[in-house]
Amino acid sequence: MDAQEVTVLLAQCQGGDKHAWDALVEAYWQRLYGFAWQSTKNPELAHDLVQETFLRVVQKLERYDHRNKFDAWLFRILVNLIRDHSRARVRRPIRSTVIDNVTGAEITDDMAARTGPPSDPVHHQEDVQRLYEALEQLPDMDRQVLLLRHYGEMPFKDIAKTLNCPLGTVLARAHRALEKLRVFMEVDHETA
Amino acid sequence: MKQLKLSQACLLDVSGELGSEARALLREHVETYPDAMLEYDQALAHFKTLQTLPSMASQIDQVTLERMRQQVRQAVRDAVDQQRRTARWRVARRLFYRAMSVAAGMAAVLVVMAGVYIVRTHLQAQQERLMDAESTFQEMAESPLPYRSNTSIRRIRSRIDSLDAHNVFDAQSGVGSAGMMRLFNALDKIPLPGSAEALQQTGNIQ
């Protein structure tokens, strides 16, 4: 969806058109969910955060400045929600419990984090697992850049706007993070 | 154009975000310097590592995805409905308060107009009564003494009683005091019985 289409869609949303809202959810939901899921490692929490992001958009869209990039604005809301949630968890470490869809067993946040995302039929399971482990070892901000680029499908320029920092900083973080990722993968391969 | 490090420019290029002009410059630089070519290859390899991360769609079953999508969509629809209801209620409340203030303003104007009308009517009536009395006194003063009948004296009596009844003698109102001055002037002109002027008037008649 290009900028022009987004602008038209947002104008329709501001007019209260429910189909336009559906289209907006359709256009962004998956990208937001992918990023939230990888950031929190908790599918239910990611779902709640994405829903909350859209609800904030409903509340704030009247005040949204159309000169800004919508993607960056949307993801910034989600990034802030994730950050707030992480801070709250550090202050008050309550274990949320979700029910596993398949087994019906209770899974806590910690367990969900350990188990990681479900198996991938396309990629080699071990490589994917190693990649996730490597991602886990990255500093939060570095990981966030990579997740926004890959799951948020955002260009680095928009990531810079989302994280409110210069493009050079974002690129430096991405470069550093990818370097670490590669080193980790190579070392892991050699030891394996 | 922003100044970026070579590694950063390479990363932008491999991710397809570099402008055509900058891209041409970078390609030229990379082809000229072997170290730059090495840097470029490294950036490309890094970016490929990122792309090896599996996509979300391949990791979650479509049923779960669809269920979540529906939930988000429904939540958004509910929020939009709620917001619309709130906005409608806000507009209705604003209109109600506006209508109420207009009605209150109109009522206040009506009260003021009625008050002004009552005061003006009252003052006008007082004025008329005073003028009436004044003209009676004047008439009395100008008529010769022997012809002052009991009727005209009764008329003056009734005028004075009327003025008294309507508090015209109350010197609080400007109209009352000015009128009183005129009345006293008119009364002064009536010659007292037995005065030289009265005798002269009687003599003239005889």
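Predicted, not measured: the structure shown is a model, and the values here were computed from it.

Q: Would you mind going over the overall build of chain A with me for this structure?
A: Within chain A, the regular secondary structure consists of nine helices and two strands. In chain A, the succession of α and β elements from N to C terminus is α-α-α-α-β-β-α-α-α-α-α. Counting every position in chain A, which comprises 192 residues, the buried fraction comes to 46%. Counted over contacts in chain A with a minimum sequence separation of 6, partners at least 24 positions apart contribute 61%. Carbon and sulfur atoms make up 49% of the accessible area of chain A, which amounts to about 9800 Å² in all.

Q: How should the packing of aromatic side chains be read in this particular structure?
A: How two aromatic rings sit relative to each other is set out by the distance from centre to centre and by the angle between their planes. Under the counting rule described, the total for this entry stands at eight aromatic pairs over all chains. Looking at A:Arg149, its charged tip hangs above the ring of A:Phe156, at a distance of 5.5 Å from the centre.

Q: Explain a nonpolar patch on the surface here, please?
A: Residues and elements named next belong to chain B. Together, Phe96, Tyr97 and Met100 make up a nonpolar patch on the protein surface, roughly 360 Å² of accessible area in all. Among the secondary structure elements, Met100 is positioned in helix H4 (residues 62–142). Residue class for Met100 comes out partly exposed when judged on its relative accessible area of 45%.

Q: Please clarify how the environment of A:Val183 should be interpreted in this entry.
A: Residue position: A:Val183 is located in helix H9 (residues 167–191). Spatially, the C-alpha atom of A:Val183 lies 9.3 Å from that of A:Ala134, the residues being 49 residues apart in sequence.

Q: Please explain the interface of chain A and chain B as it appears in this structure.
A: Where interface size is given, it is often the accessible area lost as the parts come together that is meant. Each partner contributes to the interface: chain A provides 49 residues, whereas chain B provides 41 residues. Here chain A meets chain B over a buried area of about 4300 Å², counting both sides, of which 65% is carbon and sulfur. Counting across the chain A and chain B interface gives five salt bridges. Residue A:Lys18 pairs with B:Asp81 through a salt bridge whose shortest N-O separation is 2.7 Å. Here chain A is connected to chain B by 13 residue pairs in polar contact (both at pLDDT 80 or more). Listed by contribution, the elements that provide at least two residues to the side of chain A that touches chain B are helix H2 (18–40), helix H3 (43–60), helix H6 (125–137), helix H7 (140–150), helix H8 (156–163) and H9 of chain A. If you tally residues by element for the side of chain A that touches chain B, the top one is H2(A), at twelve residues. Classifying every residue of the side of chain A that touches chain B by side-chain character gives 26 nonpolar, 14 polar and nine charged.

Here is what the cut-offs are and how they apply
As a convention, each chain's residues are numbered from 1 in the sequence order in which they are written. As they are written, the chains are lettered A onward and the ligands numbered 1 onward, keeping that order. Reporting in this predicted model follows two pLDDT cut-offs: at least 70 for local features of residues, and 80 or more for side-chain atom pairs to be given and counted; totals over whole chains, interfaces and linings ignore these cut-offs and use all residues. Note: side-chain values were computed over all heavy atoms of the structure, leaving out hydrogens and water. Per the convention used, a helix needs a DSSP run of H or I reaching at least four residues, while a strand needs a run of E reaching at least two, with both numbered from the N terminus. Note on exposure labels: buried denotes an accessible area under 20% of the residue type's maximum, exposed denotes more than 50%, and partly exposed covers the range between, all computed with a 1.4 Å probe on protein chains only. Only heavy atoms matter for contacts: two residues are in contact if any of them lie within 4.5 Å across the pair. The method behind every accessible area is Shrake-Rupley, applied with a 1.4 Å probe, and residues are considered shielded solely by the protein chains displayed. Aromatic pairing here means that ring centres of Phe, Tyr or Trp (its six-membered ring) are within 6.5 Å. Orientation follows from the plane angle: under 30 degrees is stacked, over 60 is edge-to-face, and everything else is tilted. Each ring is checked for a lysine NZ or an arginine CZ that lies within 6 Å of its centre and within 35 degrees of its normal; such an atom marks a charge sitting over the ring. Here a patch means residues that are over 30% exposed by relative accessible area and free of salt bridges, tied together within 9 Å if like-charged and within 5 Å if nonpolar (Val, Leu, Ile, Met, Phe, Trp, Tyr). A carboxyl oxygen of Asp or Glu within 4 Å of a side-chain nitrogen of Lys or Arg is what we treat as a salt bridge. Accessible area that two parts lose when put together, with a 1.4 Å probe and added across both, is what the buried area reports. Under the rule applied, a polar contact is a pair of N or O atoms within 3.5 Å (in protein, one hydrogen donor and one hydrogen acceptor; residues adjacent in sequence only if both atoms are side-chain atoms). The residue classification treats Ala, Val, Leu, Ile, Met, Phe, Trp, Tyr, Cys and Pro as nonpolar and Asp, Glu, Lys and Arg as charged. All others, Gly included, are polar.

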